[in-house]
Amino acid sequence: MDTMAAIRETFFQECEEQLGELEVGLNAMDEGVADSETVNAVFRAVHSIKGGAGAFKLDRLVRFAHTFETSLDLIRSGQLSPSTTAVRAMLRSADLLADLVKASRSDHPVDEARVDAQIAELKALSEDVKEAPASANAAGGEAEDLDFQPVLLQLDDFGASEPEATRYTIKLIPAPELYRKGNETVRLLRELSRMGEFRVECDTQHVPPLDVIDPEGAYFAWRVELKTAEDEAAIQELFEFVIDDCELEIVVDRAGAVAASEASPPAAAAPIAPATAAPIAPAEEAPVFAQPTAFTSADPIESVAAATAVEPDKAKIEAAKPEMAATPATIRVDLERVDRLINLVGELVINQAMLSQRVLEAGLARSSSVAAGLGALEQLTREIQEGVMAIRAQPVKPLFQRMSRIVRELTDATGKVVRLRTEGEATEVDRTVIERLADPLTHMIRNAVDHGVERPEVREAAGKPAQGEVKLSAAHRSGRIVIEVSDDGAGINRQRVREIAIKKELIAPDAQLTDGEIDNLLFMPGFSTAQSISNISGRGVGMDVVKRSIQALGGRITIASRPGHGSIFSMSLPLTLAVLDGMVVKVADQTLVVPLTAIVETLRPKVGDVHALGVNARVISDRGGFAPLIDVGQELGYRRDAGDPVGSVVLIVETEVSTRCALVVDAIHDQRQVVIKSLEANYRQVPGIAAATILGDGRVALILDIDTFVARTNRSGVGQEPLLAAVG
Amino acid sequence: MSMTILTVDDSRTMRDMLKVALMDAGYRVIQAVDGQHGLEVLEQETPQVIITDINMPKLDGFGFIENVRRDERYLGIPILVLTTESSPEKKNLARRAGATGWIVKPFDSAKLVDVVRRVAA
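As the structure is a prediction and not an experimental result, all values here were calculated from the model. (Residues numbered from 1 in each chain as written. Chains lettered and ligands numbered in written order. Predicted model: local features only at pLDDT ≥ 70, side-chain atom pairs only at ≥ 80, totals over all residues.)

What about the overall build of chain B?
Broken down by element type, chain B carries five helices and five strands. Put simply, chain B runs from its N terminus to its C terminus through helices and strands in the order β-α-β-α-β-α-β-α-β-α. Looking at chain B as a whole, 59% of its 121 residues qualify as buried. Of the contacts made within chain B by residues no fewer than 6 positions apart, 60% connect residues no fewer than 24 positions apart. (Helix = DSSP H or I, 4+ residues; strand = E, 2+ residues; numbered from the N terminus. Buried ≥ 20, exposed ≤ 12 C-beta atoms within 10 Å, placed from the backbone. Contact = placed C-beta atoms within 7 Å.)

Thoughts on the environment of L420(A)
All names here are of chain A. With respect to the helices and strands, L420 occurs in strand β6 (residues 418–423). It is 9.7 Å that separates the C-alpha atoms of L420 and Q401, two residues lying 19 residues apart in sequence. Apart from the residues lying within four places of it in its own chain, the contact partners of L420 are M403, S404, V407, V470 and L472.

Points about the packing of helix α15 (residues 397–414) of chain A against helix α16 (residues 431–452) of chain A
Residues and elements named next belong to chain A. Relative orientation of the contacting elements α15 and α16 amounts to 30°, with a least axis distance of 10 Å. The orientation of α15 with respect to α16, classified from their angle, is roughly parallel. α16 is crossed by α15, and the crossing has right-handed handedness. Contacts from L399, M403, I406, V407, L410 and T414 in α15 reach I434, L437, A438, L441, T442, I445, R446, V449 and D450 in α16. (Axes fitted to C-alpha atoms, helices over the stretch in contact; angles between N-to-C directions. Parallel < 35°, antiparallel > 145°, perpendicular 65-115°, else oblique. Left-handed = near helix turned anticlockwise from the far one by under 90°.)

Considering the pairing of strand β9 (residues 480–487) of chain A
Residues and elements named next belong to chain A. As judged from the eight bridges shared by strand β8 (residues 468–477) and β9, these two strands associate in the antiparallel manner. Across the sheet, residue K471 finds its bridge partner in β9, namely S486. Inspection of the sheet shows β9 paired to strand β11 (residues 566–574) by eight bridges, in the antiparallel sense. Bridge pairing in β11 places E484 opposite S570. (Pairing = 2+ DSSP bridges.)

Overview of the packing of helix α3 (residues 61–70) of chain B against helix α4 (residues 88–97) of chain B
All names here are of chain B. In the contact formed by α3 and α4, the axes pass within 8 Å of each other and the chain directions differ by 20°. Accordingly, the angle class assigned to the pair α3 and α4 is roughly parallel. For α3 against α4, the interelement crossing comes out right-handed. Where α3 abuts α4, its residues F62, I65 and E66 lie against L93, A94 and A97. Partitioned by chemical class, the residues of the contact of α3 with α4 number five nonpolar, no polar and one charged. (Nonpolar A, V, L, I, M, F, W, Y, C, P; charged D, E, K, R; others polar.)

What about unusual backbone geometry?
Cis geometry marks the peptide bond from K105(B) to P106(B); its omega dihedral reads -5°. If you trace the backbone, P106(B) turns up in the loop between β5 (101–104) and α5 (109–119). At K57(A), a residue that is not glycine, the phi angle is positive and equals roughly 55°. Taking the C-beta count within 10 Å as the criterion, K57(A) has 9 such neighbours and is therefore assigned exposed. In this structure, D107(A) is a non-glycine residue whose phi angle is positive, near 55°. Along the polypeptide, D107(A) turns up in the loop between α4 (84–105) and α5 (112–127). Under the C-beta neighbour-count criterion, D107(A) is labelled exposed, with 7 such atoms within 10 Å.

Let's talk about α4(B)
All names here are of chain B. Buried within α4 are the following residues: A94, R95 and A97. The buried residues of α4 occupy one face: seen down the axis, they fall within an arc of 165°. Of the exposed residues in α4, the ones pointing more than 90 degrees away from its buried face are P88, E89 and N92. G98, located one to two residues past α4, shows a positive phi value of around 115°. (Arc of directions from axis to C-beta.)

Points about the confidence of the model for chain A
All names here are of chain A. Averaged over chain A, the pLDDT score is 76; the fraction of residues at 70 or greater is 79%. Taken as a whole, residues 531–540 scores under 50 in pLDDT and shows 13 contacts with residues more than four places along the chain or in a different chain. Considering only residues more than four positions removed or in separate chains, one finds that residues 715–728, a stretch of pLDDT under 50, has 31 contacts. (pLDDT = per-residue confidence, 0-100.)

Overview of helix α8 (residues 185–193) of chain A
Among all positions in α8(A), only T185(A), R187(A), L188(A), L189(A), L192(A) and S193(A) are buried. Of the surrounding elements, those touching the buried residues of α8(A) are β1 (166–174), β2 (196–203), β3 (221–228) and α9 (232–238) of chain A together with α5 of chain B.

As for the confidence of the model for chain B
Mean pLDDT for chain B: 87, with 95% of residues reaching 70 or above. Per the prediction output, this complex has pTM 0.53; the corresponding ipTM is 0.85.

Let's talk about the pairing of β1(A)
Residues and elements named next belong to chain A. Two elements, β1 and β3, share seven bridges in a ladder whose sense is antiparallel. Counterpart to I170 in the pairing with β3 is V224. The pairing of β1 with strand β4 (residues 246–253) spans eight bridges and is classified as antiparallel. Within β4, the position partnered with L172 by the bridge is L248.

What about the sheet that holds strand β18 (residues 649–654) of chain A?
Residues and elements named next belong to chain A. The mixed open sheet is built from six strands, whose spatial order is β14-β18-β19-β17-β16-β15. Each end of this open sheet is capped by a strand with a single partner; those strands are β14 (599–603) and β15 (610–613). Averaged over all pairs of adjacent strands, the angle between their axes in this sheet comes to 35°, without regard to strand direction. With four bridges joining them, β14 and β18 adopt antiparallel strand pairing.

Structure follows, in structure tokens:
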């Protein structure tokens, strides 16, 4: 990849991080819990974006970032107080900045009016500040006057002198500080020499004997005679950085003739008398000095310092050094490489399992050294797998921060006052899971603000604070990640939910449902309690879509609600999509894997539990109702007739098509984590089958996709035709 | 033997840009992500030139320069300050802290290398 293009990419990635920091910091300021370091971090974030934007000539971005930065600087310096109005303005500016970054990245147009309006808002704020803002320099045009003097590569040219040339006499007495700051007289003189005709003399009369010299002292005085077309300002600029650390005198010689070679002392009020040093050759590139001996006898400070036993006050320096916390080092890796690595590790896990199995089958005793070695191998393999999975893991923080902005926009749009609280932002999940979580999460947050939280008047009437709170949290729990979206709103109006469900014929009018079951009606397709379909929550995009998205990720979602107090949506997701927790079952002579997240219950039916329904269908008693029995072996074409559920194992599974189904399998092997291997990549997509895995005995086991599998059968449990007649 | 330059900047973008410009000019580049880290890196290796940003977390440019200047081991190393701010106040602060020179962002590579050549004889 072209280097600049790569760096540009880096810049935009960095912008995302900075915008995230900005969001966090501004939110803290909004809540009044920001300290000065937070405010500084906020300033730095915008400053950083502006810096990079300038490098890539993203002028629109630079222009707005500059105004934004100026306002933040006012807050940082205490000139502008971080009132609610001011901070809200900053938050709006942050949103606009994010949009400008996005537009700059893809070179899209920007709503100029919006930018102008925001700039106006920021400027209005600074007008309240009594003193003029400190750094009010325009974005562009800063550079030239403050840079180093452009090098004037003038070849020495005695013959034709510039008509405008002026002669200067420059006297320079460096103080020790000049050297300490890394400046060198030699360089200054070199720069001067490049400006024109140049002669320099060094006065060494103040250099003490070697045994009393302070290596860090400065004893030289210099006198330069320069004939140049440059003006005095240019010369002064050369000394701009050392001006505090030396005595400098620049005298314009208007009188014309300046003595050549052998210099006779001008009767100046100069503090030094120029030495009768040897004549100096005209300026060349190399620095030129007086008697080499005088110079070398007192070498540059560094080497003398090294020669003498100058003990640095180590203790003082140690104490002065700030606490060295470890800086996290990162590298950036191509995502493809990571995916390939994860794949390979998956293979490794499978092979290791196979090896273990074969060794056992070969009859080697458990106590044998081979078995012991295998145990160690298994342990190591598991650790490698976990380590590799962790590479793709990312904190959920950026995702949560996106939600923060959505809540802000909704607050403006709905007139409700809502605050988003987040917890567990550092919790890490596989990046693919994060990506696919964005939409469902957005939807739930929108719902919480739109439907959950009441209007301020309603809340106050109920004795609640006018500001509602939506809480978003993430945590690791028993090998999965649990994400909760909760609000302190009115909770689910069960009466209304029931009515709507009946009206939409989702439940029978006389159905007896527990509170929990009513709450879960929200997840049924086609359900929407919005009286008017608001733009915010979308047209008919209901919780059923959310649930399906979560389940597609291998997750589960549940809801709990307390009227008057609010609701909690709780999602449990796998940490990664490369492995699956599954139940390994035997069906006919085949081994299958059923995703654990789909299984609600397992049982061994007794005679009285099974009932016939019509000719071919059977159901099983389940929680006061009935669940259709599906013979997996028959459905998949492993056998022609359904087996007898009694004496088999039944897995009660929950899908979104029909609430509960009972799958009949022959036996359960065990429960384990399996490595997912794509069927599409290796064969083709087969309906009803999600993927495959390779078991320890080397055989392929198919992983059922419960939703599509059940969907292909009627509710009565009779399939259309065997799904896998041809597949062995 | 090419010269080693230490660049201290909290922006990855800036670090990359500096590295590219300086390496193209034949320098060897070592990096730090903020002032504190810069001091740590200095413990390991002494560069011939230091280029540092001003606004950084943990320890900013001024603090970093002050620390370096207090340390006898790094006596005389030219320190260039790289920043978007160009106010006289900041310039004075940098000077008083001990900076050798000043470059304003956005810079172009040629200008950057030119300044480096000038302070590092």
